[in-house]
Amino acid sequence: MMKRNLHKYAVLCAVALLPLNKSRAQTKVSEATINQKINQIVKKMTLAEKIEMLHGNALFSSAGVKRLGIPELTCDDGPLGVRDEVLRFDWKSAGWTTDSATFLPNGSAMAATWNPALAHQYGIVIGEEANFRKKIVMLAPAFNICRVPTNGRTYEYYSEDPFLNAQLAVQAVKGIQSQHVAACVKHYAVNNQEEDRNTVNAVVDERTLREIYLPAFKAAIQQGNAYTLMSAYNKVNGYWCSENAYLLNKILKKEWGFKGAVISDWGGVHHTVEPANNGLDIEMGSSGPYDQWYFAKPLLAAVKAGKVPVATIDDKVKRILWVMYHTSLSANHPAGKMSTPEHNHDAYTIASEAIVLLKNEKFLLPLRTNSIKSIAVIGDNATRTFALGGFGAGVKARYEITALQGLQNKLGKNIDIRFAQGYRANYLANNTPEQNAGYDKPDQSLIDQAVALAKTTDVAMLFIGSNREFESEAHDRKDLSLPFGEQALVDAVTEANPNTIVIVTAGAPYDLTKIKKKNHTIVWSWFNGSEGGNALADVLTGKINPSGKMPFTFPAKLKDSPAFALDTYPGKNLTTPYKEGILVGYRWFDTKKIEPLYPFGYGLSYTTFEYSGLKADKKVYHSADRINVALTIRNSGGVAGKETVQLYVSKGNSVVQRAEKELKAFKKVMVEPGKTTTVTLSLSAKDLAYYNVKAKGWTVEPGQYKLLAGASSRDIRQVGTITITK
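Residues numbered from 1 in each chain as written. Predicted model: local features only at pLDDT ≥ 70, side-chain atom pairs only at ≥ 80, totals over all residues. Heavy atoms only, no water.

K.L.:
Help me understand the environment of Thr568, please; the structure alone is not making it clear to me.
P.N.:
As for its placement among the helices and strands, Thr568 is situated in the loop between α19 (562-565) and β17 (575-577). Counting along the chain gives 366 residues from Thr568 to Ala202, while the straight-line C-alpha distance between them is 9.9 Å. Look past the residues within four positions of Thr568 in its chain and what remains in contact with it is Arg147, Ala563, Thr576, Pro577, Lys579 and Glu580. (Helix = DSSP H or I, 4+ residues; strand = E, 2+ residues; numbered from the N terminus. Contact = heavy atoms within 4.5 Å.)

K.L.:
Please explain the sheet that holds strand β12 (residues 374-378) as it appears in this structure.
P.N.:
In a beta sheet, neighbouring strands are held together by backbone hydrogen bonds and run either parallel or antiparallel to one another. Sheet architecture is open: six strands sit in the order β11-β16-β15-β14-β12-β13, paired in mixed fashion. At either margin of the open sheet sits one strand with a lone partner, and together these are β11 (356-360) and β13 (416-420). Within the sheet, the average angular offset between the axes of one strand and its neighbour, ignoring direction, is 20 degrees. Note that β12 and strand β14 (residues 459-465) share four bridges and pair parallel. Residue pairing in the sheet places Ile375 in a bridge with Val459 of β14. Its contacts with the sheet place helix α18 (residues 532-541) against β14, β15 (500-505) and β16 (521-525), and it is angled at close to 155 degrees to β16. (Pairing = 2+ DSSP bridges. Axes fitted to C-alpha atoms, helices over the stretch in contact; angles between N-to-C directions.)

K.L.:
Please clarify how the pairing of β11 should be interpreted in this entry.
P.N.:
The two faces of the sheet receive side chains in turn, since in a regular strand these alternate between them. With five of its five residues buried, β11 lies for the most part within the structure. Across four bridges, β11 lies against β16 in antiparallel orientation. The residue bridging Val356 from the neighbouring strand is Trp524, located in β16. (Buried < 20%, exposed > 50% of the residue type's maximum accessible area, 1.4 Å probe, protein only.)

K.L.:
Which parts of the structure should I look at to understand the pattern of salt bridges?
P.N.:
One side chain can pair with another of opposite charge once the charged atoms of both are near each other. According to the stated counting rule, one finds 46 salt bridges in the structure shown. Linking Arg83 and Asp77 is a salt bridge whose minimum nitrogen-to-oxygen distance equals 2.6 Å. Arg83 sits in the buried class, given a relative accessible area of 12%. The buried category is assigned to Asp77, whose relative accessible area is 12%. Residue Lys661 is joined to Glu660 by a salt bridge in which the shortest nitrogen-to-oxygen separation is 2.6 Å. One salt-bridge network, held together by shared partners, links Arg153, Glu156, Lys186, Glu194, Arg197 and Glu473. (Salt bridge = Lys/Arg side-chain N within 4 Å of Asp/Glu carboxyl O.)

K.L.:
Which parts of the structure should I look at to understand the pairing of strand β20 (residues 626-635)?
P.N.:
Burial along β20 is one-sided: the residues Ile627, Val629, Leu631, Ile633 and Asn635 are buried and none of Arg626, Asn628, Ala630, Thr632 and Arg634 is. Examined bridge by bridge, strand β18 (residues 609-616) and β20 share six bridges and lie antiparallel to one another. Looking across to β20, one finds that Ser612 is bridged to Thr632. The pairing of β20 with strand β23 (residues 676-684) spans nine bridges and is classified as antiparallel. Looking at the pairing, Arg626 lines up with Ser684 of β23.

K.L.:
Before we go on, may I ask you to explain the packing of helix α14 (residues 403-411) against α18 in this structure?
P.N.:
Packed helices, taken two at a time, are described by the angle their axes make and the gap between the axes. Contact geometry for α14 and α18: axes closest at 7 Å, N-to-C directions at 55 degrees. By the angle between their axes, α14 is oblique relative to α18. As for how α14 packs across α18, the hand of that crossing is right-handed. Mapping the contact onto sequence places Ala403, Gly406, Leu407, Asn409, Lys410 and Leu411 in α14 and Gly533, Asn534, Leu536, Ala537, Asp538, Leu540 and Thr541 in α18. A class-by-class count of the residues in the contact of α14 with α18 yields six nonpolar, five polar and two charged. (Parallel < 35°, antiparallel > 145°, perpendicular 65-115°, else oblique. Left-handed = near helix turned anticlockwise from the far one by under 90°. Nonpolar A, V, L, I, M, F, W, Y, C, P; charged D, E, K, R; others polar.)

K.L.:
Please explain the packing of aromatic side chains as it appears in this structure.
P.N.:
Each aromatic ring pair is characterised by the separation of its centres together with the angle its planes make. Scanning the model with the defined rule gives 31 aromatic pairs in all. With centroids separated by 5.8 Å and ring planes inclined at 45 degrees, the aromatic side chains of Phe60 and Trp266 adopt a geometry described as tilted. Taken together, the residues span a long stretch of sequence, with Phe60 in the loop between β1 (56-58) and β2 (61-62) and Trp266 in the loop between β10 (261-264) and α10 (273-278) at a distance of 206 residues. Both residues of the pair, Phe60 and Trp266, count as buried. Note on Phe143 and Tyr158: the rings are 6.2 Å apart at their centroids and 20 degrees apart in plane angle, and the pair reads as stacked. One end of the pair, Phe143, is in the loop between β4 (137-139) and α6 (162-177); the other, Tyr158, is in the loop between β4 and α6, and 15 residues separate them in sequence. Following the ring pairs from residue to residue traces out a cluster consisting of Trp114, Phe163, Tyr586, Phe600, Tyr648 and Phe666. For Lys516, the ring lying beneath its charged end belongs to Tyr598, and the centroid distance is 4.8 Å. (Phe/Tyr/Trp six-rings, centres within 6.5 Å; stacked < 30°, edge-to-face > 60°. Lys NZ or Arg CZ within 6 Å of the ring centre and 35° of its normal.)

K.L.:
Explain the side chain of Arg587 here, please?
P.N.:
Inspection of the secondary structure assignment puts Arg587 in helix α20 (residues 586-591). Residue classification places Arg587 among the buried residues on the basis of a relative accessible area of 3%. Within the structure, Arg587 has its side chain in polar contact with the side chain of Asp161 (distance 2.9 Å). In this structure the side chain of Arg587 is engaged in a polar contact, spanning 3.5 Å, whose partner is the side chain of Glu662. Those residues in contact with Arg587 that lie beyond four places of it in its chain are Asp161, Pro162, Ile212, Ile582, Ala659, Lys661 and Glu662. (Polar contact = N/O pair within 3.5 Å; in protein donor to acceptor, adjacent residues only side chain to side chain.)

K.L.:
Any chance you could explain the state of the cysteines here in plain terms?
P.N.:
The bond known as a disulfide is covalent and runs between the sulfur atoms of two cysteines. Within the structure shown, the criterion is met by zero disulfides. Note on Cys184: no disulfide assigned, nearest cysteine sulfur contributed by Cys75 at a separation of 7.8 Å. With a relative accessible area of 0%, Cys184 lands in the buried category. (Disulfide = S-S within 2.5 Å.)

K.L.:
I would appreciate a short explanation of the packing of helix α15 (residues 444-454) against helix α16 (residues 486-496) in the present structure.
P.N.:
Taken N-terminus to C-terminus, the directions of α15 and α16 make an angle of 25 degrees; their axes are 9 Å apart at the nearest point. Here α16 runs roughly parallel to α15, going by the angle between their axes. Here the hand of the crossing between α15 and α16 comes out right-handed. Of the residues in α16, those in contact with Ile447, Ala450, Val451 and Ala454 of α15 are Ala488, Leu489, Ala492, Val493 and Ala496.

K.L.:
I keep staring at the confidence of the model for the chain and nothing clicks. Help me out?
P.N.:
Detailed reading of the predicted coordinates is not advisable wherever pLDDT falls low. For the chain, the mean per-residue pLDDT works out to 96, and 96% of the residues sit at or above 70. Note that pLDDT drops below 50 for residues 1-21; the model gives that stretch 20 contacts with residues more than four away or on any other chain. (pLDDT = per-residue confidence, 0-100.)

K.L.:
Where do I start with unusual backbone geometry in this structure?
P.N.:
The phi torsion of most residues other than glycine is negative, and most of the peptide bonds are trans. In this structure, the amide linkage connecting Tyr188 to the following residue, Ala189, adopts the cis form with an omega of 5 degrees. Within the element layout of this structure, Ala189 appears in the loop between β5 (182-188) and β6 (201-203). Cis geometry marks the peptide bond from Gly288 to Pro289, where omega comes out at 0 degrees. Take Pro289: it is sitting in the loop between α10 and α11 (297-304). Its identity as a non-glycine residue notwithstanding, Phe363 has a phi of 55 degrees, on the positive side. Residue placement: Phe363 occurs in the loop between β11 and β12. Positive phi, close to 55 degrees, is recorded for Asp567, a residue that is not glycine. Among the structural elements, Asp567 can be located in the loop between α19 and β17.

Spelled out as structure tokens, the structure:
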């Protein structure tokens with residue numbers, strides 16, 4: 001099935017690339033025809049009808065114009081899959097029996113695959129299921145930078161690196177929109193904390209904005225051609241994102257050439273005239289009366305009063321119609337599919353490539369199943385599902401294989417598998433702190449039961465970590481501590497059974513310091529979708545060789561992370577200055593020589609890989625050249641495996657502050673045991689540019705650059721040098 005997926009992706013790319021001139025000519029004709037139709041429609045519309053299209057008329061739709069054949073613009077939540085149907089005017093379930101969807105692995109799991117082809121396949125699944133549900137816009141993908149490790153939405157976003165985010169976002173967008181469904185990329189921009197998210201002002205310098213927080217959005221627009229974009233709740237440099245003329249009009253629409261519609265986050269609009277004139281196109285929210293919203297009767301009055309030009313309203317309507325002509329009103333619109341076997345297998349493939357092997361010191365993994373007679377499966381996460389929970393978007397999954405079910409499916413016929421709960425996950429996102437009091441305390445009676453079981457089995461598997469209640473939209477975690485008294489459980493079971501395997505299920509960094517020191521076998525899983533349990537069982541038993549790599553840095557302690565080291569989180573007086581500038585994530589840790597618990601890009605395998613022979617195709621490049629770097633990867637172990645080769649670039653003696661290294665290319669390759677493969681990584685010399693604030697543009701600085709190829713940001717295996725000339 002993986003071959004089918006990659007073949008389909010290759011074919012799509014080939015179809016897109018071969019007849020370039022013909023394709024571009026057809027596109028121009030098509031776009032001209034669409035624009036002509038749109039102009040004719042707008043001329044027939046009344047001002048009141050135009051205004052009706054610019055604000056929600058229900059929780060997940062905005063109005064069309066029936067007399068002109070314009071449908072409603074319907075949307076639904078992602079990015080874990082297509083959300084279950086809710087009532088038109090209420091968040092309660094609509095009670096449908098046809099809205100059970102495929103639960104796809106969370107955003108940081110997707111990033112851990114380091115596999116853009118899988119992001120494309122993810123997009124196709126989302127698009128096909130959205131079509132089945134008659135949804136025009138899917139509110140996905142989400143890919144803000146992981147600046148704050150305790151952010152409640154870290155699990156939903158991708159990574160801490162703008163390049164990795166961009167590569168995944170572009171393919172997710174293309175996949176969704178290949179099904180004539182609009183991707184809505186979010187949250188634009190600098191939306192990196194849930195604490196005070198509705199009011200906080202993120203103060204970011206221009207270079208940091210351009211180099212860190214905007215590149216993935218730019219790529220999603222210019223390379224992915226995303227049809228819609230969601231403005232964030234927060235302010236950036238003093239202006240709400242929903243009325244930020246610099247972000248929306250100047251950068252997004254003028255510089256990047258965005259043709260689609262800007263949609264507000266739900267309830268993220270604060271005025272009428274400012275967002276109308278400054279780039280917002282559609283106001284969405286969670287409750288009525290809809291005709292009283294800022295973009296309803298007040299906007300109509302503002303236009304009549306001359307505060308908002310009619311031409312501005314027309315532009316918004318044209319953008320919405322442009323989205324429709326590429327989605328609901330497009331020719332040959334696909335019918336859609338829902339939770340098919342192919343979708344389930346795609347979810348499995350993503351999940352299996354996302355799992356990260358953190359430690360395998362005694363080579364307990366893969367399990368030697370022929371010599372194991374009994375396994376103790378311990379921990380609430382072994383039987384918990386993750387499609388739903390907390391505040392925010394979830395999925396009514398048609399099914400979800402838990403970790404325990406996956407192990408039973410794989411091993412239950414030959415191995416005695418017994419379960420003990422181990423801890424109580426007594427935390428609900430919607431509870432008050434008082435109601436959640438004591439959630440972090442161990443339950444000694446459950447620990448005693450777990451220890452008693454562990455003593456009787458050949459292997460103990462500890463399933464700890466987080467869940468969708470504890471990591472949730474609308475709040476951040478207070479620290480990196482493992483919840484629910486889990487450390488006490490780990491200590492007790494590890495002492496009781498020397499063959500203890502720790503499996504952490506979570507979507508964001510946690511403090512694993514003691515576990516890393518004391519435990520010999522550690523696996524990191526995620527909120528890993530409908531097939532998460534089966535994928536994990538196949539990794540533990542060796543059917544799948546783990547190939548996941550961490551998409552963010554694990555700080556050894558929270559104070560090591562830049563936002564906390566510089567005391568800028570959550571901010572004072574509702575203002576959070578991004579004092580670290582471009583040094584976010586591994587850029588900070590590597591530049592400041594701070595040892596992380598686990599570095600960016602880290603992940604082990606059941607085999608070993610040797611790097612050699614790094615060589616660039618030239619020694620000297622001009623700023624307009626492409627740089628091709630080749631190196632050899634040898635699988636020096638005994639089983640086939642996938643390795644993600646990461647290429648970082650370093651510029652010494654720069655005229656501006658630079659990170660010690662920056663990711664500029666990567667490639668994931670399969671290598672058979674004992675075999676070698678040549679990996680070629682290509683980038684443009686322009687990719688080495690920094691944003692020149694004085695020149696208001698990108699500058700490729702001449703001089704010598706180091707090329708650093710490795711298995712993580714801290715595990716550099718090959719080094720080369722090149723020179724860039726003017």
